[in-house]
Amino acid sequence: MTYSIEIQQSSLWDKLKDKRAPLSFNIEVTARCNNACRHCYINLPEDDSAAKELELRVAEIGDIAEQAVKLGAMGCLITGGEPLIRPDFPEIYLMLKRKGLLVSLFTNATMVNQGHVELFKKYPPWDVEVTVYGITRETYERVTRKLGSFDMFMNGLNMLMNNGVRVRLKSMAIRSNLAEHGAIAEFCRKLTKDNYRFDPQIHMRYDGDPMRNSEINAERLTPQEVVALERADEKRMKSIQQNCSTLINNKFTHKECDHLFHCGAGNWIFNVGYDGKFRLCSSLCQANTVYDLRKGKLTDAWFNFSPSVLDMRSHRKEYLETCRRCPIVNLCLWCPAHAHLETGALDGTTPYFCQVAHARADSLISRKQLGDPP
């Protein structure tokens, strides 16, 4: 283990003990999915009985939600896996709504039925976010590896759109749908105008499955392809250029600091896994950074456990002299959570993310202006 936990009572700890309440939380109601997407970091088979047995029951979700509301949470995102795979989804959804929460949903839309539509019409969600893997049957099912999933997706999406449910669309730019990326963007923007985004980077799986991780690696785009997609997207590139000073800045070089966390994890939002594990962010699943809400309370997780995680330090020279002092960290997917998924260590270095970050920087300013990479 190359990192250690050190709590300094006089500095970060004191500040965090009185920190603000969480504004919202994400809850993974399942890790199971009816698709088997090549790039997915969480999905387990629909019939995985062990995963199903670990899933939080409705009453447990309600108890956690009640604790979150008492702490000040106002919003909740239901995610998975595929949340609609649970036959008790309507019960979960209504229970969260009755607690006064603004409820959002991530879904692939393939399991949307008339009952869901009527539920959403009567008790509207804040929004429903749907991922578009392709706009042709060949591409969509190449990604999902599920025959018939394209027709199910189109049917579900049309049901949501035609009934006035507030839908946001997004896509993953991966090897299996790269040739169709432009058409996917056009399709999504036509339906939802400004409510479209795409992600050209993917990270490894929560369970570390070697075979599935090799599939994810095969789906990754090259740094040059990532930059080309971003440069071709006028809205995305304009936003990057406008925010250049917040993406490339020598003030990000924390040369005298050995803290691992300089992100927003655990400040305004938290994540609850399908098995009841509290995480500061959805990707942070290293053993020392999770708290079992089946054995403890959210107040303890938020006010006591969370600060101890955020005060984790690294003494590894390779990390302290590279990622820790990098001026383009905000162009990079590196963070302790992703470092752990990539390398098994919270302070691991991630060459692929680094290469993408430098390719992005080169598209904004010259390497001479930026200085030699660390």
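What you are looking at is a predicted structure, and each value in this text was computed from that prediction instead of being measured.

A. Representation of the overall build of the protein within the structure. Regarding its fold elements, the protein presents 17 helices and 13 strands. Looking at the protein as a whole, 53% of its 374 residues qualify as buried. Carbon and sulfur atoms make up 53% of the accessible area of the protein, which amounts to about 17000 Å² in all.

B. Structural detail: the nonpolar core. Judged by nonpolar contacts, the single largest core of 99 residues is most densely connected at Phe 25, Leu 96 and Phe 278. Residues within four places of Phe 25 in sequence aside, it is in contact with Ala 65, Ala 68, Ala 73, Gly 75, Cys 76, Leu 77, Leu 101, Ile 269 and Phe 270.

C. The environment of His 181, seen in detail. Its place among the elements puts His 181 in helix H8 (residues 181–192). Linking His 181 and Phe 198, residues 17 residues apart in sequence, is a C-alpha distance of 9.3 Å. Not counting residues within four places of it along the chain, the set of residues in contact with His 181 comprises Ser 171, Ala 173, Tyr 196, Phe 198 and Leu 229.

D. Highlighting unusual backbone geometry. Here Gly 80 and Gly 81 are connected by a cis peptide whose omega angle stands at 25°. You can see Gly 81 is positioned in the loop between strand E5 (75–79) and helix H4 (89–98). Positive phi is not limited to glycine here, since Ala 109 has a value of about 75°. Summarising the element assignment, Ala 109 is placed in the loop between strand E6 (102–107) and helix H5 (114–122). Judged by relative accessible area, which is 0%, Ala 109 ranks as buried. We note that Arg 145 has phi near 55°; this positive angle belongs to a residue other than glycine. Residue placement: Arg 145 occurs in the loop between helix H6 (137–144) and helix H7 (149–162). A residue is classified by how much of its surface remains accessible, and Arg 145, at 33% relative accessible area, is partly exposed.

E. A look at the environment of Phe 187. Along the chain, the position of Phe 187 falls in helix H8. Considering only alpha carbons, one finds Phe 187 and Ile 135, 52 residues apart in sequence, at a separation of 7.6 Å. With residues near it in sequence (within four places) discarded, Phe 187 still touches Val 132, Ile 135, Met 154 and Leu 157.

F. Highlighting the confidence of the model for the protein. This prediction gives the protein a mean pLDDT of 90; 89% of its residues lie at or above 70. The low-confidence segment residues 1–18 (pLDDT under 50) makes 39 contacts with residues lying over four places distant or belonging to another chain. Contacts for the low-pLDDT stretch residues 366–374, under 50 throughout, to residues beyond four places or in other chains number 13 contacts.

G. Local environment of a nonpolar patch on the surface. A cluster of nonpolar side chains, namely Leu 23, Met 74, Trp 268 and Ile 269, defines an oily patch on the protein surface of about 370 Å² accessible area. Looking at the secondary structure, you find Trp 268 in the loop between helix H12 (244–247) and strand E10 (269–272).

H. Structural detail: the layout of surface pockets. The calculated volume of the second largest pocket comes to roughly 270 Å³. Taken together, 15 residues line the second largest pocket, and the ones lying closest to its centre are Tyr 206, Tyr 274, Asp 275, Arg 279 and Cys 285. Of the residues that constitute the lining of the second largest pocket, the class distribution is eight nonpolar, one polar and six charged.

I. Geometry of the packing of aromatic side chains. Overall, the coordinates contain 15 aromatic pairs when judged by the stated rule. The interplanar angle of 55° and the centroid separation of 5.6 Å between the aromatic rings of Tyr 133 and Tyr 140 together place this pair among those described as tilted. Tyr 140 sits in the buried class, given a relative accessible area of 0%. An aromatic cluster is built from Phe 25, Phe 270, Phe 278 and Trp 302, whose rings are joined through pairwise contacts. Residue placement shows Arg 236 over the ring face of Phe 198; its charged tip is 4.2 Å from the ring centre.

J. Fine view of the pairing of E10. Strand direction decides the pairing type here: strand E2 (residues 24–28) and E10, joined by four bridges, are parallel. Its bridge partner lying in E10, Ile 27 is registered against Val 272. As paired elements, E10 and strand E11 (residues 277–279) share two bridges and run antiparallel to each other. The partner of Asn 271 across the bridge, within E11, is Arg 279.

K. Region of the structure containing the side chain of Thr 110. One can find Thr 110 in the loop between E6 and H5. Of the residues examined, Thr 110 reaches a relative accessible area of 6% and is grouped as buried. Here the side chain of Thr 110 touches Asn 34 through a polar contact of 2.7 Å, side chain to side chain. A distance of 2.6 Å separates the side chain of Thr 110 from the side chain of Asn 108, its partner in a polar contact. What Thr 110 contacts, discounting residues up to four positions off in sequence, is Asn 34, Asn 35, Tyr 140, Ser 149, Met 152 and Phe 153.

L. Local environment of the sheet that holds E5. Read from one edge of the open sheet, nine strands run E9-E8-E7-E6-E5-E2-E10-E11-E12, paired in mixed fashion. In this open sheet, the two strands that pair with only one neighbour each are strand E9 (196–199) and strand E12 (291–292). Of the pairings in the sheet, the one linking strand E8 (residues 167–172) to E9 comprises four bridges and is parallel in character. Following the sheet pairing, Leu 169 is matched in E9 by Tyr 196.

M. Representation of helix H15 (residues 336–343). The buried fraction of H15 is high, at six of eight residues. Those residues of H15 lying buried are Pro 336, Ala 337, His 338, Ala 339, His 340 and Leu 341. Residues of H15 that are buried sit in contact with helix H16 (351–364). The positive-phi residue at the C-terminal boundary of H15 is Gly 344, with phi of around 90°.

What counts and how
Residues numbered from 1 in each chain as written. Predicted model: local features only at pLDDT ≥ 70, side-chain atom pairs only at ≥ 80, totals over all residues. Heavy atoms only, no water. Helix = DSSP H or I, 4+ residues; strand = E, 2+ residues; numbered from the N terminus. Buried < 20%, exposed > 50% of the residue type's maximum accessible area, 1.4 Å probe, protein only. Areas by Shrake-Rupley, 256 points an atom, 1.4 Å probe, with all protein chains shown as cover. Core = buried A, V, L, I, M, F, W, Y, C linked by side-chain atoms within 4.5 Å. Contact = heavy atoms within 4.5 Å. pLDDT = per-residue confidence, 0-100. Patch = residues over 30% accessible without salt bridge, like charges linked within 9 Å, V, L, I, M, F, W, Y side chains within 5 Å. Salt bridge = Lys/Arg side-chain N within 4 Å of Asp/Glu carboxyl O. 1 Å grid on protein atoms, 1.4 Å probe; cavity = no way out; pocket = protein on both sides within 12 Å on 5 of 7 lines; lining within 4 Å. Points joined across faces, edges and corners; volume = space filled by probe spheres on them. Nonpolar A, V, L, I, M, F, W, Y, C, P; charged D, E, K, R; others polar. Phe/Tyr/Trp six-rings, centres within 6.5 Å; stacked < 30°, edge-to-face > 60°. Lys NZ or Arg CZ within 6 Å of the ring centre and 35° of its normal. Pairing = 2+ DSSP bridges. Polar contact = N/O pair within 3.5 Å; in protein donor to acceptor, adjacent residues only side chain to side chain.

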